[in-house]
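In case you want the letters, here they are:
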Amino acid sequence: MYNYISKKNCLLALLFFFTNAVMAKEIKGKLSGVVYDDANKPLAGITVALEPDMHRALTDKKGAFEIDRLYAGTYTLKISAIGFGTHTQEVVIEAGKKNTITIRLTRKNESLNEVSVTGVHGNPDNFIDMTRTAMPSTVITRKEIEQMGSRRLDEVLKEQTGLAIVNDIGSGNRAVGLQMQGFDSGYTMIMIDGQPMVGRNNGNFDLSRITVSNIERIEIIKGASSCLFGSEALAGVINIVTRKNITAPQGMAALRYGSFNMVDATLEGETPFAGKRGSAYLSANYYRTDGFNSNPYLKEGKTAPPFDSYTFQGRGRYLLGENSTLNFNGRYVNRHSVNEVSYGVKPTKDVMDEHDLNGSVSLNHHFNNGTKLKTQYYLTRYQTAQDITDLNTSRIMPGSRFEQYLHRAEVQAAHQLFANVELTGGTGAAYELLNHSAYRGRKSMSNYFAYGQADWKLNNELNVTAGARYDYHDKYGSKLNPSLGLQYRLLPNLTFRAAVGTGFKTPNFQQLYLVFTNVQTGYTVLGAEEFWRELQLLKEAGQIKSVFPVSKQVGTLKPERSVSYSAGFAYQPVSTLKLDVNVFYNDLKNFINSEQVAVKNNDQQIFSYMNIAKAYTAGTEIGLNWSATKSLTVSAGYQLLYAVDKGVVDSIKNGTGLYADVYDTRQNQLRTSTRKDYVGMSNRSRHMLNLKLAYAEEKTGISGSVRVSYRGKYGFMEANRANNFLDPYDTFVAGYFLFNAALQKTFYHKHLQLQLTGDNLMNYRDQLMPAQQGRAILLGLSWRFFKD
């Protein structure tokens, strides 16, 4: 009986599934309309988008548009255009009918406390739409950031699926980077308003340099499609979008104070001028902390040093004419930190100053035929100065001076070729200049590039995105990197996607030219171009005890190459529930890795850089989002990751080469390696997951979130005899959970907000994670200035 009922249910389910699929193909409708401005003048070249099915159309000279072959149902229509506020409305499509609407755009925009962008891209800083790609992409809205109560960029990103914060133990929390799909942080491009940031410590971009007070949204794209953005985007891109399109005077003052004597104060204001033809935004942020210590062996000082930081940002926009806009951006950050450190023998005082400057000017123009053109120049400068004093002798040991410039000019255009084909392309050049006391003289690189992308909507079910980027590097020549993405909607609520693309990454300044010895711990790092000369100097000085055979691989570094594959689906069985699944595989050649190559007479290590012939990262990401009620949202994410050096696997398999033997600490002897002995590349967790409950009720003004994130065990460094790969007898960081929560309530028509934030509530710390602070409780209040 049970089997009969089960079979009957299965047949009914299949019949329902088949009927739905057939009916879905039969029901079609059409939407047409006209877009006017608030003076009833037709607007040409305006993109009209229908969500969630990604239908798009461009208005003609009469402001008219038409979208055909639509399934019956309710859609969300969205329009974003320069000089106008974002227009959103629901439209109902009836089967077999032509549905007509009239839209009037106004210059009125959202108020300061209501900015929330979900799924629509209105960013004039980059015409390549990161949110419309076959690759996994995520948009973190301002509303989500506020619900988390986060203050710096690293705090926001470390709770996202597939992202991990990595620590460089030698540099403490001053070298906290981001890992994406198993790639180190040097493979992820960090951008603000479409322009890349520079300044990395040991290859890591310190994400805590960026305050989130001015962020409108954060766009994250992973994998092969990111090749359009440049060689640093082998793993992906994180683009930080600041607030724009200001149409009403408003401002905000905010103050937070809590654990570790932490102070976070922000003052910002924005206003239109010249009859709303222009707008200006200014903000200032002060942030300080006493730092914290995660190392029980440290008798004095902090693993994360105390610091004071000031951030000033400004943005201006002016409408030169009906179709032209001039934009200015500026940002300056200063951070000063002092840390007195002692392990009981040799106390030192570490003083470091950082200066971060970004500026850009751009001209956007919309032609009457719908073509959009952007011309932009961008400059960034990052400078550090570090001095270390021996407190026993008061002698100042040679510190480091670091200064890096990036000049970048770019022209970008976008055009709707036909109703279903959109073209985007650009060309430009970048010049990078670096002056470091650890290098022999000033170093420079230049790069010339051109790229293009076509988004072709073949029909209502199939969308194809094809692109390519051509790079010419003055040291490494030219390279063309194509990418291809497909999206196929099998059912109205089920969309498959797949993508493939290639990547190209040249060695950075550090990997080529660095000559650095840590005066506190004594280890030395030598760039590949400097290695043999510096090694000879150390030999002549009688400082070398042993040179490892692996050092023979140090030579001229080759650019890294990758081929990335990605496939997955998005399933939305009901409007309140969405499931995203993605599988990825990144095949790497000439992967650049740092290895210990020698040891000095005082047993201090010497490292250098070399190419690994073949490696790969692979895994899957699963994301679930459920709107349980109008106020409560539950989301969860999981990543499974494998990061493997194929050379290690082949050596173990063949029983020859560098990795043929492993030192077994249980038997206290050397034995033949097996595949089980190799645990993969360091600093990568096999499992990571996160869970978030977010609550927001408009009526009471109460909002908040409770979040849990887990990072599985990962290899840290070799602890037994050096065999150049991580085995079970080496040092690992144990898996751990982090619990965070935030609660906000608004008063006086949203003018006043009180906030209570708790980070790392279980006070988890590990000495191998110098940037993981202990439990932090903060209380904050803010007042927003705007007309009711």
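Here, every reference points to the structure presented above.
These figures come from a predicted structure and were not determined experimentally.

Colleague: Describe empty space enclosed by the protein, and please don't skip the residues or the numbers.
Modeller: Applying the stated criterion across every chain yields a total of 13 cavities of 30 Å³ or more. Within this model, the largest cavity holds a volume of roughly 710 Å³. Lining the largest cavity are 46 residues, with Asp154, Glu155, Lys158, Ala771 and Gln772 positioned closest to its centre. Those elements giving two or more residues to the lining of the largest cavity turn out to be helix 3 (153–157), strand 9 (163–168), strand 10 (172–180), strand 17 (278–289), strand 37 (687–697), strand 38 (702–711) and strand 41 (736–747).

Colleague: An account of the pairing of strand 26 (residues 477–491) is needed here, citing residue identities and associated values.
Modeller: The side chains of a regular strand alternate between the sheet's two faces. Across twelve bridges, the pairing between strand 25 (residues 462–473) and strand 26 is antiparallel. Its bridge partner lying in strand 26, Tyr470 is registered against Leu480. Hairpin connection of strand 25 to strand 26: three residues between the antiparallel strands. Two strands pair when backbone bridges link them, and strand 26 and strand 27 (residues 494–505) are joined in this way by eight bridges, in the antiparallel orientation. Pairing of Leu491 across the sheet is with Leu494, part of strand 27.

Colleague: A description of the nonpolar core should follow, citing residues and the corresponding values.
Modeller: Formed by 72 residues in total, the largest nonpolar core has its most connected members in Leu157, Ile190, Leu207, Ile218, Ile220 and Ile238. Apart from the residues lying within four places of it in its own chain, the contact partners of Ile218 are Thr138, Val139, Ile140, Ile145, Leu153, Val156, Leu157, Ile238 and Asn239. Counting residues in each nonpolar core, the second largest holds 21 residues, with Leu31, Ala57, Ile79 and Ala81 among its members.

Colleague: Residue-level account of the pattern of salt bridges, with values.
Modeller: With the rule as written, the count across this model stands at 27 salt bridges. Asp759 is the partner of Arg151 in a salt bridge, and the nearest nitrogen-oxygen pair spans 3.0 Å. Of this pair, Arg151 sits in the loop between helix 2 (142–148) and helix 3 while Asp759 sits in strand 42 (residues 752–759), and the two are 608 residues apart along the sequence. The residues Arg151 and Asp759 share a single accessibility class, namely buried. Each of Asp664, Arg666, Arg671 and Asp677 takes part in salt bridges that share partners, so that together they form one network.

Reading the values: rules and limits
Residues numbered from 1 in each chain as written. Predicted model: local features only at pLDDT ≥ 70, side-chain atom pairs only at ≥ 80, totals over all residues. Heavy atoms only, no water. 1 Å grid on protein atoms, 1.4 Å probe; cavity = no way out; pocket = protein on both sides within 12 Å on 5 of 7 lines; lining within 4 Å. Points joined across faces, edges and corners; volume = space filled by probe spheres on them. Helix = DSSP H or I, 4+ residues; strand = E, 2+ residues; numbered from the N terminus. Pairing = 2+ DSSP bridges. Core = buried A, V, L, I, M, F, W, Y, C linked by side-chain atoms within 4.5 Å. Buried < 20%, exposed > 50% of the residue type's maximum accessible area, 1.4 Å probe, protein only. Contact = heavy atoms within 4.5 Å. Salt bridge = Lys/Arg side-chain N within 4 Å of Asp/Glu carboxyl O.

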